Amino acid sequence: MSDAWRLPPLAAVLVAVVLIVCAEAGGASMVRFKVELTRWARGVMLAHPEVHGLVGVRDVDERILDEALVKFDAGLRLFHLHAEGMGLVILATTAVAATLARGRRVRGVMIALLTAGGAGYPLGYLLWSWLIPHHGIERGKSIAEWFVWMPFGGAMIVALWWLAGLVVLRLARR
Amino acid sequence: MTLRVLPLLAFVVAPAPALAHHVGTYTPQDNELTTNFKQVKFSVQAGKFDVARRLFEAGALRAQMRAKAATLPPGLESGTRAALQAGDAPEVERRLMIFFAALARDLALEAGRQLVDARLAPEARATAGPRFLEAIWRYYNLIDFAVAMRDDKTSVAMRLAFDEAEGYAKAAAPAGAGLSDALRRIAQILTHLIDTSSTFARRNP
């Protein structure tokens, strides 16, 4: 087997690059539209007082709204950070998989898991942010966990352990 | 072989991200009233009465004192301003204590009303209790030291009543009669504190 690095499939590279682009665009939008985003989130929360447990007393409600807005902002920030990081992780890990995984099927599954898991996981933070004004912090988190973080994060973790095992195997066979 | 092991591995590892992913932490911030209170208090403690007076006159405390004048002891706002003008730190502290006690009392009364409001869903009443208690404590906590210095029995009574209310709020059915009673007791204690402190002021201008 050659020692040369192999390029991952172009589809995986495209996903990684688009993810990084989304991260940068998301970060820029957070700054540019901070006021509009906050106003939108606050408006949606005030339209659903029962979801957030608002009681109609400013001294009580301000704290609830403030916490939800902080978490809303945190979700956007975490999307920005994770999307940037996972884009690079996809590029690095799929390159390792493309180089070291021999079987076509194994390589394909591994790259698919790394790409889908890496690209999907950050979107959970975006989803969570969007869900907070509509469904509240905890319920929004629960939905994002079950539909995005667990399946995509799980896929990424499985694929990374698999890849680690593969590297150890190659090392042992040298 | 590897592909057969994969689903099993996924089953074992998949729940981990849900437990491990981080979503940030929230540190409660001061609202405009508590911020202004701290500004005035620290300026007074530093002996900077001119700074304290400016902060009071332009700040949320004075605006709120005016807005709530109907439920506050008469002359609270003008008296606070006069005390700042005169450089009378204990009097400023006493008047601010009365103000925050009144805010906390109003919250306790409103909480009591909402807890027995049949128009609200049981879930809404259940979540309202702890949230009102948090807001009550946020205001009372600012003045507890001043209360204890003047009337330690009231301070202890308030703490006991609050502990009791928190216990009921954390119970399975927080909107029950126990929480309403505890909130009523909090309101009574604070009303007593406001009355005695205001009476004292009238006797010793």
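Residues numbered from 1 in each chain as written. Chains lettered and ligands numbered in written order. Predicted model: local features only at pLDDT ≥ 70, side-chain atom pairs only at ≥ 80, totals over all residues. Heavy atoms only, no water.

Asks: Can you break down the overall build of chain B residue by residue, with the values?
Replies: The number of helices and strands found in chain B is ten helices and zero strands. In sequence order, the secondary structure elements of chain B are arranged as α-α-α-α-α-α-α-α-α-α. Of all 205 residues assigned to chain B, the portion counted as buried reaches 44%. Roughly 10900 Å² of accessible area belongs to chain B as shown, and the carbon and sulfur atoms make up 58% of that amount. (Helix = DSSP H or I, 4+ residues; strand = E, 2+ residues; numbered from the N terminus. Buried < 20%, exposed > 50% of the residue type's maximum accessible area, 1.4 Å probe, protein only. Areas by Shrake-Rupley, 256 points an atom, 1.4 Å probe, with all protein chains shown as cover.)

Asks: Give a detailed account of the nonpolar core, specifying residues and quantitative values.
Replies: Grouped together as the largest cluster of nonpolar side chains are 97 residues, with contacts concentrated most on B:Leu61, B:Phe99, B:Phe100, B:Leu133, B:Ile136, B:Leu183 and B:Ile186. No other element matches the 16 residues that helix α4 (residues 58-100) of chain A contributes to this core. Beyond its immediate stretch of four places on either side in the chain, B:Phe100 contacts B:Leu33, B:Phe37, B:Leu61, B:Tyr139, B:Leu142 and B:Ile143. (Core = buried A, V, L, I, M, F, W, Y, C linked by side-chain atoms within 4.5 Å. Contact = heavy atoms within 4.5 Å.)

Asks: Tell me about the side chain of B:Ser180, residues and numbers included.
Replies: Tracing the backbone shows B:Ser180 in helix α10 (residues 177-203). Not counting residues up to four positions away in its chain, the partners in contact with B:Ser180 are B:Leu115 and B:Val116.

Asks: Can you explain helix α6 (residues 76-86) of chain B? Please cite residues and give values.
Replies: Residues and elements named next belong to chain B. All of the buried residues along α6 are Leu-76, Glu-77, Gly-79, Thr-80, Ala-83 and Leu-84. Seen from one end, α6 has its buried residues packed into an arc of 165°, which puts them on one side. Relative to its buried face, α6 has exposed residues pointing more than 90 degrees away, namely Gln-85 and Ala-86. Buried positions along α6 lie against α3 (32-45), α4 (49-58), α5 (60-67) and α7 (89-115). Downstream of α6 by a residue or two, Gly-87 has a phi angle that is positive, lying close to 70°. (Arc of directions from axis to C-beta.)

Asks: Hey, could you go over the layout of surface pockets for me, with residue numbers and the actual values?
Replies: There is about 450 Å³ of room inside the largest pocket. Around the largest pocket, the lining comprises 25 residues; the ones closest to its centre are A:Arg58, A:Asp59, A:Glu62, B:Asn31 and B:Tyr139. Elements that contribute at least two residues to the lining of the largest pocket include exactly α4 of chain A together with α3, α5, α7 and α8 (122-150) of chain B. Of the residues contributing to the lining of the largest pocket, the split by class is nine nonpolar, three polar and 13 charged. Put simply, the second largest pocket is a space of about 390 Å³. Lining of the second largest pocket is provided by 21 residues; of these, A:His52, A:Ile64, A:Glu67, A:Ile137 and B:Arg131 occupy positions nearest its centre. Elements with a minimum of two residues in the lining of the second largest pocket: α3 (49-52), α4 and α6 (137-173) of chain A together with α8 of chain B. The dominant element in the lining of the second largest pocket, judged by the number of residues it contributes, is α4(A), at six residues. (1 Å grid on protein atoms, 1.4 Å probe; cavity = no way out; pocket = protein on both sides within 12 Å on 5 of 7 lines; lining within 4 Å. Points joined across faces, edges and corners; volume = space filled by probe spheres on them. Nonpolar A, V, L, I, M, F, W, Y, C, P; charged D, E, K, R; others polar.)

Asks: So what about the interface of chain B and chain A? Which residues, and what values?
Replies: On the chain A side, the residues contacting the 31 residues of chain B number 31 residues. Roughly 2700 Å² of surface becomes buried between chain B and chain A when both sides are summed, with 67% attributable to carbon and sulfur atoms. Across the contact surface, chain B and chain A share eight residue pairs in polar contact (both at pLDDT 80 or more). For the side of chain B that touches chain A, the secondary structure elements donating two or more residues are α1 (2-13), α2 (15-20), α3, α7 and α8 of chain B. Here the side of chain B that touches chain A gets eight residues from one element, more than from any other, and that element is α8(B). For the side of chain B that touches chain A, the residue count by class is 18 nonpolar, eight polar and five charged. (Buried area = accessible area lost by both parts, 1.4 Å probe. Polar contact = N/O pair within 3.5 Å; in protein donor to acceptor, adjacent residues only side chain to side chain.)

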